[in-house]
Amino acid sequence: MRIDILCLFPEMFVSPFSHSIVKRAEGKGLVEVVTHNIRDFTHDRHATVDDYPYGGGAGMVLKPEPVFEGVEHVRRVTGTADSPVVLLSPRGRLFTQGVASELAGHAHLILLCGHYEGVDERVSEHLATDELSIGDYVLTGGELAAMVVVDAMVRLLPGVLGSDESAGEESHAGGLLEYPQYTRPEEYRGWRVPPVLLSGHHAEISAWRRRQSILKTAARRPDLLSR
Ligand code: ADE
């Protein structure tokens, strides 16, 4: 899978993508992440990427031209015509585990990160094929949101996680939060590991875990249960 990210601060991606699972996935050739600076697609002396909003109001708006030209550049170098173009914005549909697995099925994705007060609406209407929000709060830019999307997606690609790190049982995989996990020691500061987990009885362990998942979900995220 190839992911092209258009943003104003490509340096922000260097450290997060140089570690851990994304790095390992790149090393194995399972994913290639390429960042581009939207400023490189301006043509004026000052490399202007933003301007005042028509109609007045606070803040600046990201201009459409460098964003459209950036996407056209990516289309040319990758030879792709119809891979999804995802705009990260607080107005997007909510990014969930389900959306992560849907996106992980594409061979190529283009992510657009906004900044300033917003992005010219023509980007949302005529360039983006999808608009995603990672939660109901406002970040200073789409870069952090793009990192979240890439991280959640890359770990779902076949071959990225080892068989002992399976993505099948974790929180949100089946619409429930994950059951509690324990490791050694068997007793720590007087707190014991639930005896069923030491029993070696696989059916009982499965039943206990399922019940714990439901109880945790009901207590913390009843909204997930009602879905
Ligand atoms: N840009 C600013 N806030 C955002 C959010 N919550 N999700 C995605 N992109 C954003």
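As shown above, the structure is provided for reference.
A brief look at the structure comes next. Within each chain, residues carry numbers counting from 1 in the order of the written sequence. Reporting of local features is limited, given that this is a predicted model, to residues whose pLDDT is at least 70; pairs of side-chain atoms are given and counted only at 80 or more, and all residues count toward the totals for whole chains, interfaces and linings. The side-chain numbers reported here are obtained from all heavy atoms of the structure, hydrogens and water having been left aside.

## Examining the overall build of the protein
Each helix corresponds to a stretch of at least 4 residues labelled H or I by DSSP, and each strand to a stretch of at least 2 residues labelled E; elements are numbered beginning at the N terminus. The helix and strand inventory of the protein stands at seven helices and 10 strands. Note on classification: 1.4 Å probe, protein chains only; a residue is buried when its accessible area is under 20% of the maximum for its type, exposed when over 50%, partly exposed between these limits. Evaluated residue by residue, the protein yields a buried proportion of 40% over its 227 residues. The contact rule is simple, with two residues in contact once any of their heavy atoms fall within 4.5 Å. A separation threshold of at least 6 residues defines the contact pool for the protein, and within that pool the share at least 24 residues apart is 75%. When the 23 basic and 31 acidic side-chain charges of the protein are each reduced to a single mean position, those positions are 8 Å apart. When charges are counted, Lys and Arg are positive and Asp and Glu negative, with His and the chain ends excluded. One atom stands in for each charge, and that atom is NZ of Lys, CZ of Arg, CG of Asp or CD of Glu.

## Quick word on the nonpolar core
Among buried residues, the Ala, Val, Leu, Ile, Met, Phe, Trp, Tyr and Cys ones that are joined through side-chain atoms within 4.5 Å form a nonpolar core. Ranked by internal contacts, the top residues of the largest apolar core, which has 33 residues, are Ile 3, Ile 5 and Leu 103. Broken down by secondary-structure element, the contributors of at least two residues to this core are β1 (2-7), α1 (20-27), β5 (85-94), α3 (97-103), β6 (108-113) and α5 (143-154). Here this core takes eight residues from α5, the largest share from any one element. With near-sequence residues (within four places) excluded, Leu 103 lies in contact with Met 1, Val 86, Phe 95, Leu 109, Leu 132, Val 149 and Met 153. One finds Leu 62, Val 71, Leu 127 and Ala 128 within the second-largest nonpolar core, a separate group that totals 16 residues.

## Concerning the site of the ligand
Definition of nearness: a residue and a molecule or strand are near each other if at least one heavy atom of the residue lies within 4 Å of the molecule or strand. In the vicinity of the ligand, the residues found are Leu 88, Ser 89, Pro 90, Leu 132, Ser 133, Ile 134, Gly 135, Tyr 137, Val 138, Leu 139, Gly 141 and Ala 145. N or O atoms closer than or at 3.5 Å make up a polar contact, with two conditions inside protein: a donor-capable atom paired with an acceptor-capable one, and, for residues adjacent in sequence, both atoms drawn from side chains. With respect to the ligand, the backbone of Ser 89 contributes an N or O atom lying 3.2 Å from a nitrogen atom. Interatomic distance of 3.2 Å between a backbone N/O atom of Gly 135 and a nitrogen atom of the ligand. Each accessible area is a Shrake-Rupley estimate made with a 1.4 Å probe; only the visible protein chains count as cover when residues are assessed. For the ligand, whose accessible area on its own is 260 Å², the fraction buried by protein is 97%. Taken together, the elements giving at least two residues each to the shell around the ligand come down to β5 and β8 (130-133). Among the elements that make up the shell around the ligand, the one with the highest residue count is β5 (three residues).

## Focus: the sheet that holds β8
Only strands that DSSP links by at least two bridges are regarded as paired with each other. Pairing is parallel across the open sheet formed by five strands, whose spatial order is β2-β1-β6-β5-β8. The open sheet terminates on both sides in strands that have one partner only, identified here as β2 (32-37) and β8. Averaged over all pairs of adjacent strands, the angle between strand axes in this sheet comes to 35°, irrespective of strand direction. Note on method: axes are straight lines fitted to C-alpha atoms, helices fitted across the in-contact stretch only, with angles between N-to-C directions ranging 0 to 180 degrees.

## Here's the deal with the packing of aromatic side chains
In this analysis, rings of Phe, Tyr and Trp, with Trp reduced to its six-membered ring, are considered paired at centre separations within 6.5 Å, and the interplanar angle assigns stacked below 30 degrees, edge-to-face beyond 60, and tilted for intermediate values. Using the criterion set out here, one finds two aromatic pairs in the structure. Look at Phe 13 and Phe 17: their rings are 5.6 Å apart centre to centre, the planes differ by 45°, and that puts the pair in the tilted class. The two residues Phe 13 and Phe 17 agree in class, both being buried. Their ring planes at 50° and their centres at 6.3 Å tell us that Tyr 188 and Trp 191 sit as a pair that is tilted.

## Side note on the pattern of salt bridges
We define a salt bridge as a side-chain nitrogen of Lys or Arg found within 4 Å of a carboxyl oxygen belonging to Asp or Glu. Scanning the entire structure with this criterion turns up 12 salt bridges. A salt bridge links Arg 2 to Asp 4; the nearest nitrogen and oxygen atoms lie 2.8 Å apart. In this structure Arg 2 comes out as partly exposed when scored by relative accessible area, which is 21%. Taking the shortest distance from any N to any O, the salt bridge between Glu 187 and Arg 192 comes out at 2.7 Å. Looking at Glu 187, the relative accessible area reads 42%, which means it is partly exposed. One continuous salt-bridge network, built from bridges that share partners, spans Arg 91, Glu 121 and Glu 131.

## Topic: the pairing of β1
With five of six residues buried, β1 is to be regarded as a mostly interior element. Pairing analysis gives six bridges linking β1 to β2, with the strands arranged parallel. In the sheet register, Cys 7 faces β2, and the bridge partner there is Asn 37. Viewed along the sheet, the connection from β1 through α1 into β2 turns out right-handed. With five bridges joining them, β1 and β6 adopt parallel strand pairing. The residue bridging Leu 6 from the neighbouring strand is Leu 112, located in β6. Note on handedness: a clockwise path from strand one over the helix to strand two, with the strands aimed away from the viewer, defines a right-handed crossover.

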